[in-house]
Amino acid sequence: MLSNTFLGFIIFLLTNSSLLYTAHLIVRRFVPSAPTASRLVSTGTLYYAFIIVIFETLSPFHAITRTWVSIFCLALAFSTHLLLGKYRDFQAEL
């Protein structure tokens with residue numbers, strides 16, 4: 001019982017952090033000179049937009065399960081990291 005809860009928590013953290021990382025990279029790429037507050041709001045907006053896009057993409061295939069959502073989030077983060085990895089700068093947000 002506890003291992004199932006722990007596994008769900010790890011998957012939750014992994015999927016959400018990968019979406020947040022993807023949103024961070026895209027915002028740093030397209031609006032690097034915007035004020036910090038604007039970049040943070042943009043990151044949050046993209047984060048929620050990615051959630052909607054993932055569910056809209058997976059729903060025609062009836063694939064909205066923990067496994068497929070996690071795979072999709074990790075694939076999205078990995079591909080964004082390969083394309084825009086040079087824009088990761090977490091110190092610029094502080």
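Everything discussed here concerns the structure shown above.
Our subject in this report is the structure included herewith. Every chain is numbered on its own, with residues counted from 1 as its sequence reads. The predicted origin of the model limits local features to residues at a pLDDT of at least 70 and limits the giving and counting of side-chain atom pairs to 80 or more, whereas totals for whole chains, interfaces and linings rest on all residues. For the side-chain quantities, the full set of heavy atoms in the structure was used; hydrogens and water were omitted.

1. Quick look at the packing of aromatic side chains
The description of an aromatic ring pair uses the distance of the two centres, along with the angle that the planes make with each other. Quick note on the threshold: Working definition: a ring pair exists when centres of Phe, Tyr or Trp rings (six-membered ring for Trp) sit within 6.5 Å. Plane angles under 30 degrees give stacked, over 60 give edge-to-face, the rest tilted. Burial here depends on accessible area, computed with a 1.4 Å probe over protein chains only, as a share of the maximum for the residue type. Under 20% is buried, over 50% is exposed, and the range in between is partly exposed.
Tallying each qualifying case throughout the model produces 1 aromatic pair. An angle of 70 degrees between the planes, with centres 5.1 Å apart, marks the rings of tyrosine 47 and tyrosine 48 as edge-to-face. Residue classification places tyrosine 47 among the buried residues on the basis of a relative accessible area of 14%. Exposure remark for tyrosine 48: the relative accessible area of 55% places this residue in the exposed category.

2. As for the nonpolar core
Rules: In plain words, nonpolar cores are sets of buried Ala, Val, Leu, Ile, Met, Phe, Trp, Tyr and Cys residues tied together by side-chain atoms within 4.5 Å. Working definition: helices are DSSP H or I runs of at least four residues, strands are E runs of at least two. Numbering for both runs from the N terminus.
In terms of nonpolar packing, the biggest core is built from 9 residues, these being Leu19, Ala23, Tyr47, Phe50, Ile54, Leu58, Ala63, Val69 and Cys73. Elements with a contribution of two residues or more to this core: helix H1 (2-30), helix H2 (36-58) and helix H3 (66-84).

3. Focus: H2
The cut-off we apply is this: Working rule for helices: expected span equals 1.5 Å times residues minus one. The contact definition used throughout considers only heavy atoms, calling two residues in contact when any of these lie within 4.5 Å.
For H2, which comprises 23 residues, the first-to-last C-alpha distance of 33 Å matches the rise-based estimate of 33 Å (1.5 Å per residue) to within 8%. Taken as a whole, H2 has its buried residues at Arg39, Thr43, Tyr47, Phe50, Ile54 and Leu58. Against the buried residues of H2 lie H1 and H3.

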